[in-house]
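# Tertiary structure, described
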Amino acid sequence: ATILGSSLAFVDATVVFVAMPTIERELELGLTGEQWVFLSYSLSLAALYLVGGAVGDRYGRRNTFMAGVLGFALTSLLAGAAWNGGVLIAARALQGIAGAFLTTNSLALLRSVYAEQAGRAVGLWTSFTSVATVASPALGGALVEWASWRWIFFLNLPLAALALALAQFGRCDER
């Protein structure tokens, strides 16, 4: 669950690059709009890492992780359905906020659940999220070419549902 959830956030940081020319053309964004599609996500993600961790400490890492995954799915739906550049930029900023909550708490969950084996668990988490991040431009390119740029966001929906199911039924004593 933690690997899948975090992979969503890491993949969305890079997959948008390959779709950007098509998005720019369809939504008539211009260079400034293109930059904000990327920056709105990255800035909100980076700015709220500490807040996401603190919320998880206070209200429970599992609940915060799951709320982050759900928020990421909903904002991915909004991004994929965006009818103009402003909506896409706002959706990307909201995706970044949700991503901050799910990534920080995914690591905290690993450390608490796997205690003495946390190093190994974090190593696996890093390996799998890195592979997902590296593979995402190719997958994104295929989706843009064969379907639509919108599918780089819609693909998050079933993956988020799977991450939520795994988190719900996984072994975890967190609130």
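Above: the structure in question.
Description of the structure in this document.

Rules behind the numbers
Sequence order sets the numbering: in each chain, residues are counted from 1 along the sequence as written. Two thresholds apply to this predicted model, a pLDDT of at least 70 for residue-level local features and 80 or more for giving and counting side-chain atom pairs, whereas whole-chain, interface and lining totals are computed over all residues. Water and hydrogen atoms play no part in the side-chain values, which are based on all heavy atoms of the structure. Think of it this way: any DSSP run of H or I at least four residues long counts as a helix, any run of E at least two long counts as a strand, and we number them from the N terminus. Each residue is placed in one exposure class: buried if its accessible area under a 1.4 Å probe, protein chains only, is under 20% of its type's maximum, exposed if it is over 50%, and partly exposed if it falls in between. A contact between two residues is defined here by any heavy atoms of the two lying within 4.5 Å. All accessible-area figures derive from a Shrake-Rupley calculation using a 1.4 Å probe, and residue coverage is judged against the displayed protein chains alone. Neither His nor the chain termini are counted; the positive set is Lys and Arg, and the negative set is Asp and Glu. A charge is said to be at NZ when it belongs to Lys, at CZ for Arg, at CG for Asp and at CD for Glu. Given a helix with a known number of residues, its expected span is that number minus one, times 1.5 Å. Using only the protein atoms, space was sampled on a 1 Å grid; points where a 1.4 Å probe fits but cannot get out form cavities, open sets with protein on both sides within 12 Å along at least five of seven lines form pockets, and lining residues are those with an atom within 4 Å of a point. Grid points are joined across faces, edges and corners, and a volume is the space filled by probe spheres set on the points. Side-chain classes are defined by residue name, with Ala, Val, Leu, Ile, Met, Phe, Trp, Tyr, Cys and Pro counting as nonpolar, Asp, Glu, Lys and Arg as charged, and the others, Gly among them, as polar.

Within the protein, the regular secondary structure consists of 9 helices and 0 strands. Element order for the protein, N to C, with α for helix and β for strand: α-α-α-α-α-α-α-α-α. Seen along its three principal axes, the alpha-carbon backbone of the protein occupies a region of about 50 × 30 × 25 Å. Taking all 175 residues of the protein together, 43% fall into the buried category. By sequence separation, contacts in the protein at least 24 residues apart represent 82% of the contacts at least 6 residues apart. Within the structure as shown, the protein displays about 8600 Å² of accessible surface, and the carbon and sulfur contribution to it stands at 68%. Charge separation in the protein, taken as the distance between the mean sites of 10 positive and 10 negative side-chain charges, equals 11 Å.

By the secondary structure assignment, G30 is in helix α3 (residues 30-47). According to the relative accessible area criterion, G30 is partly exposed, its value standing at 26%. With 55 residues separating them along the chain, G30 and G85 place their C-alpha atoms 9.5 Å apart.

Let us now look at helix α1 (residues 2-14). Here α1 contains 13 residues, and its C-alpha end-to-end distance of 19 Å stays within 8% of the 18 Å for a straight helix at 1.5 Å per residue. Extensive coverage of α1 is indicated by the burial of 10 of its 13 residues. Inspection of α1 places T2, G5, S6, S7, L8, A9, V11, D12, A13 and T14 among the buried residues, and these make up the whole buried set.

Attention now moves to the layout of surface pockets. Here the second largest pocket is characterised by a volume of approximately 210 Å³. Together, 15 residues line the second largest pocket, and V11, S136, L139, L155 and L159 are the ones closest to its centre. Among the secondary structure elements, those contributing two or more residues to the lining of the second largest pocket are α1, α7 (118-146) and α9 (156-169). Take the lining of the second largest pocket: its biggest share by element is 6 residues, from α7. The residue makeup of the lining of the second largest pocket, split by class, is 11 nonpolar, 4 polar and no charged.

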